[in-house]
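Residues per chain, in single letters:
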Amino acid sequence: MTTNGILLPKYAKELKKAGLQRVNISLDTFDPQKHHQITRWGQIEDVLAGIEAAREAGMHPIKINTVLINGFNDDEIETFVNFTKDHEVDVRFIELMPLGESSGFAENKYLSNDEVIKRMPALEPVIELDKSGPAEYYRLPGAKGKVGLINPISKQFCKLCNR
């Protein structure tokens with residue numbers, strides 16, 4: 001299930017009992033003002049509480065999906081990567097794709113995920129046995145979680161599409 005996470009404190013245990021094993025949580029910034037701006041109403045504390053509720057309910061893996069936006073959240077790359085040090089989560093950076101009406105916006109805000117490796121050279125590749133997903137995984141030495149890079153623009157990962 002993919003969610004913004006805000007209702008997980010209320011429903012995570014019920015969802016786990018109903019059979020939900022894993023969750024993807026969309027989070028593009030840890031900055032309270034930016035988060036409120038991009039969601040138009042949301043509070044970052046609610047998302048963080050949702051991540052914790054998913055962990056407490058025993059969901060695994062917990063994946064945090066972050067669309068990397070040049071000039072908006074690229075200054076938080078280190079913050080997102082460092083979040084994996086103490087939290088057993090996969091933070092997955094997704095390159096901004098020029099889709100539909102937002103394609104003009106994406107042209108000016110695109111940033112390759114290569115920037116993550118450039119800014120965080122301590123990241124080490126993780127050999128994934130399960131290659132069913134599009135992410136290439138890395139880990140900081142000693143970190144509980146991983147960093148995934150999903151590169152639909154810079155490294156087309158599917159022969160049949162560009163997503």
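Structure first, text after, so check above.
No experiment lies behind these values; they were computed from the predicted model shown.

Draft legend 1. Spotlight on the sheet that holds strand 4 (residues 90-95). Strand order across the open sheet formed by seven strands is 1-2-3-4-7-6-5, with mixed pairing between neighbours. On the outer flanks of this sheet lie strand 1 (2-3) and strand 5 (124-125), each paired with one strand and no other. Strands strand 3 (62-68), strand 4 and strand 7 (146-150) of the sheet are contacted by helix 4 (residues 77-86), whose axis makes an angle of about 150 degrees with strand 4.

Draft legend 2. Summary view of the nonpolar core. Counting 33 residues, the largest nonpolar core has Leu27, Val81, Phe93, Val116 and Leu123 as the members making the most contacts within it. Taken together, the elements giving at least two residues each to this core come down to helix 1 (8-17), strand 2 (23-26), helix 3 (44-56), strand 3, helix 4, strand 4 and strand 7. When sequence neighbours within four positions are dropped, the list of residues in contact with Leu27 reads His35, Ile44, Val47, Ile51, Ile64, Asn65, Thr66 and Phe80.

Draft legend 3. Molecular detail of unusual backbone geometry. At the junction of His60 and Pro61, the peptide bond is cis and its omega measures out at 0 degrees in the coordinates. Inspection of the secondary structure puts Pro61 in the loop between helix 3 and strand 3. Phi at Arg40 is positive, roughly 70 degrees, even though this residue is not glycine. Mapping Arg40 onto the fold places it in the loop between helix 2 (32-39) and helix 3.

Draft legend 4. Just the pattern of salt bridges, in detail. The final tally for this structure, using the stated rule, is six salt bridges. Among the ionic pairs, Glu76 bridges to Lys34, the shortest N-O distance being 3.2 Å. Here Glu76 is found in the loop between strand 3 and helix 4, whereas its partner Lys34 is found in helix 2, with 42 residues between them in sequence. Relative accessible area serves as the criterion here: at 7%, Glu76 is assigned to the buried category. The salt bridge involving Asp90 is made with Lys146; its shortest N-O contact spans 3.9 Å. A residue pair is termed long-range when its members are at least 10 positions apart, and Asp90 in strand 4 and Lys146 in strand 7 qualify at 56 residues. In this structure, Asp90 and Lys146 share a single accessibility class: buried. What you see here is one network of salt bridges that share partners, running through Lys34, Asp75 and Glu76.

Conventions adopted
- Going along each chain's sequence as written, the residues are numbered from 1 onward.
- Residue-level local features of this predicted model are given only where pLDDT is at least 70; pairs of side-chain atoms are given and counted only at 80 or more, and the full residue set underlies all totals for whole chains, interfaces and linings.
- The basis for every side-chain value is the complete set of heavy atoms in the structure, and neither hydrogens nor water enter the calculation.
- Two strands are said to pair when DSSP picks up at least two bridges between them.
- For helices the rule is a DSSP run of H or I covering at least 4 residues; for strands it is a run of E covering at least 2, with both sets numbered from the N terminus onward.
- When checking whether two residues touch, look at their non-hydrogen atoms; a contact exists if any pair is within 4.5 Å.
- Fitted lines through C-alpha atoms give the axes, limited to the stretch in contact for helices. The angle between two N-to-C directions lies from 0 to 180 degrees.
- Think of a nonpolar core as a cluster: buried Ala, Val, Leu, Ile, Met, Phe, Trp, Tyr and Cys residues, connected wherever their side-chain atoms sit within 4.5 Å.
- For each residue, the accessible area found with a 1.4 Å probe, counting protein chains only, is set against the maximum for its type, and the residue is called buried under 20%, exposed over 50%, and partly exposed in between.
- The rule for a salt bridge is simple: a side-chain nitrogen of Lys or Arg has to be within 4 Å of a carboxyl oxygen of Asp or Glu.

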